[in-house]
Amino acid sequence: MKNRKLLPIISFFFIFGQISAFAQQENNLSGASVSIKYYNRTLFYPGDAEDSPIMVHVTIKNNGEDTLRFKLADDRSFSIDFNAHTVKNKTLELNPKLIENRTTSHTVYFREIALEHGEEYSFIENVKDFLRIDEAAVYYLELFFYPELYKSNYIALKSNRLTLEIRPNPNAASSTYIPVKSETVEILRPENISPDKVVEQTIIARQKSLWDQYFLYMDVEAMLQRNPSLKKRYASVSADERIRMIQTYKADLMQARIENDIIAVPESFQIEKTSYSPTEGTVSVIERFKYPNFSEIKRYTYKVRQREGYWQIYDYSVVNLGTE
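Residues numbered from 1 in each chain as written. Predicted model: local features only at pLDDT ≥ 70, side-chain atom pairs only at ≥ 80, totals over all residues. Heavy atoms only, no water.

*Asks:* Which residues make up the overall build of the protein chain, and what values do they have?
*Replies:* Helices and strands together make up the secondary structure of the protein chain, namely eight helices and 13 strands. Put simply, the protein chain has 324 residues, and 40% of those count as buried. Counting contacts in the protein chain only where the partners sit at least 6 residues apart, residues at least 24 apart contribute 67% of the total. As displayed, the protein chain offers around 18,600 Å² of accessible surface, 50% of which is attributable to carbon and sulfur atoms. (Helix = DSSP H or I, 4+ residues; strand = E, 2+ residues; numbered from the N terminus. Buried < 20%, exposed > 50% of the residue type's maximum accessible area, 1.4 Å probe, protein only. Contact = heavy atoms within 4.5 Å. Areas by Shrake-Rupley, 256 points an atom, 1.4 Å probe, with all protein chains shown as cover.)

*Asks:* So, the packing of helix α6 (residues 228-236) against helix α7 (residues 239-254): which residues are in play, and what are the values?
*Replies:* Across the interface, α6 lies against α7 with an axial gap of 9 Å and an inter-helix angle of 150°. Considering the angle they form, α6 stands roughly antiparallel to α7. Regarding α6 and α7, the two cross each other, and that crossing is left-handed. Contacts from Leu230, Arg233, Tyr234 and Ala235 of α6 reach α7 at Glu241, Arg242, Met245, Ile246 and Tyr249. When its residues are assigned to classes, the contact of α6 with α7 shows six nonpolar, no polar and three charged. (Axes fitted to C-alpha atoms, helices over the stretch in contact; angles between N-to-C directions. Parallel < 35°, antiparallel > 145°, perpendicular 65-115°, else oblique. Left-handed = near helix turned anticlockwise from the far one by under 90°. Nonpolar A, V, L, I, M, F, W, Y, C, P; charged D, E, K, R; others polar.)

*Asks:* Any details on empty space enclosed by the protein? Residues and values, ideally.
*Replies:* All chains considered together, the criterion is met by one cavity of 30 Å³ or more. In this structure, the largest cavity occupies an estimated 90 Å³ of space. As for the largest cavity, its lining consists of 13 residues, of which Ile203, Arg206, Tyr214, Ile262 and Tyr302 are closest to the centre. Looking at the lining of the largest cavity, the elements with two or more residues in it are α3 (195-207), α8 (260-263) and β12 (295-307). Here the element with the most residues in the lining of the largest cavity is α3; it accounts for three residues. (1 Å grid on protein atoms, 1.4 Å probe; cavity = no way out; pocket = protein on both sides within 12 Å on 5 of 7 lines; lining within 4 Å. Points joined across faces, edges and corners; volume = space filled by probe spheres on them.)

*Asks:* Any details on the environment of proline 46? Residues and values, ideally.
*Replies:* Looking at the secondary structure, you find proline 46 in the loop between β1 (32-38) and β2 (55-62). Relative accessible area serves as the criterion here: at 9%, proline 46 is assigned to the buried category. Proline 46 sits 121 residues away from arginine 167 along the chain, and the two C-alpha atoms are 7.3 Å apart.

*Asks:* If you had to explain the sheet that holds strand β11 (residues 280-290) to someone new, which residues and values would you point to?
*Replies:* Remark on secondary structure: sheet strands pair via backbone hydrogen bonds, oriented parallel or antiparallel. Ordered by their spatial adjacency, four strands build an open sheet running β10-β11-β12-β13, and the pairing between neighbours is antiparallel. Lying at the two open borders of the sheet, with one neighbouring strand each, are β10 (268-276) and β13 (310-323). Strand after strand, the sheet turns through a mean of 20° between neighbouring axes, direction not considered. Strand direction decides the pairing type here: β10 and β11, joined by eight bridges, are antiparallel. Bridging across to β11, serine 275 finds its partner in threonine 282. Sitting on the sheet, α3 touches β10, β11, β12 and β13, and the angle it makes with β10 is about 155°. (Pairing = 2+ DSSP bridges.)

*Asks:* Kindly report on the nonpolar core, identifying the contributing residues and their values.
*Replies:* By size, the foremost hydrophobic cluster in this structure holds 36 residues, and its most contacted members are Phe82, Leu131, Leu141, Phe145 and Leu164. Mapped onto this core, the elements with two or more residues apiece are β1, β2, β3 (68-73), β4 (80-85), β5 (110-115), β7 (137-145) and β9 (162-166). Excluding its chain neighbours within four sequence positions, the residues that come into contact with phenylalanine 82 are Val56, Glu125, Val127, Phe130, Leu131, Leu141, Glu142 and Leu143. Membership of the second largest hydrophobic core comes to 32 residues, among which are Ile263, Val285, Trp311 and Tyr316. (Core = buried A, V, L, I, M, F, W, Y, C linked by side-chain atoms within 4.5 Å.)

This is the structure in structure tokens:
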């Protein structure tokens, strides 16, 4: 009779122990955060991991007061996952090599890492080692981090989301426009410069009609959606059509068919005031436009935000200050 009562009691303590261990793990991770940003951001194309990589900088940070402890596999496929999907929730498939690696029986080596309050640990990974990217489209990319490794625990930390634009592979018949420096064939890449320098370089690029440099620090997708009708249409179309809308919007700007204020060419300008937080900012600029008999003065306020490791202009407003 006693033996019959013993099994439920043992089962109860076993389940209680599992719940207690799970709670301890959750408590250990309560102050943890995972973030991603592009490393040496450039143009991204379909293809294999070696010839056309998409390098992402991954950071694990302890924002809590207690020590953060986690395991990190030498083979990162047992510590992280990338997930990417289109606006219509079409999810990219896993790289077949990743699946094979995870399903093959072998030893997984890992390190145990401890981070104190405010400390962080970073590494760089190639998204294409995890995902199969065969088609041009706009995707939303995020990362899942497994602090107790992929196979041994279902706890995962989710990162922020990045916009991943995969362009068609360039070829002789392609109409894809690739920004390059005018005096070389080097592809332009945005740098991590201050908001005022971003605005300054953008205005100078417009003065010199250097359209590739003009769009370099501009969130064209956000600028397009300032127009209510374009925003409504943009939200309802496919990823391929969104790419075409963005290209059309750029062409319309270059032909001065829309947004006359943002493409107006000032004779001179002066940065008036710059203010920003770690993620958002504004840059106020006094711009002078010369006409035959007078000069018009305007104050442009550019809104900028930190995206994927550099500042981008995503909105603006204009106030007329009179003439002289």
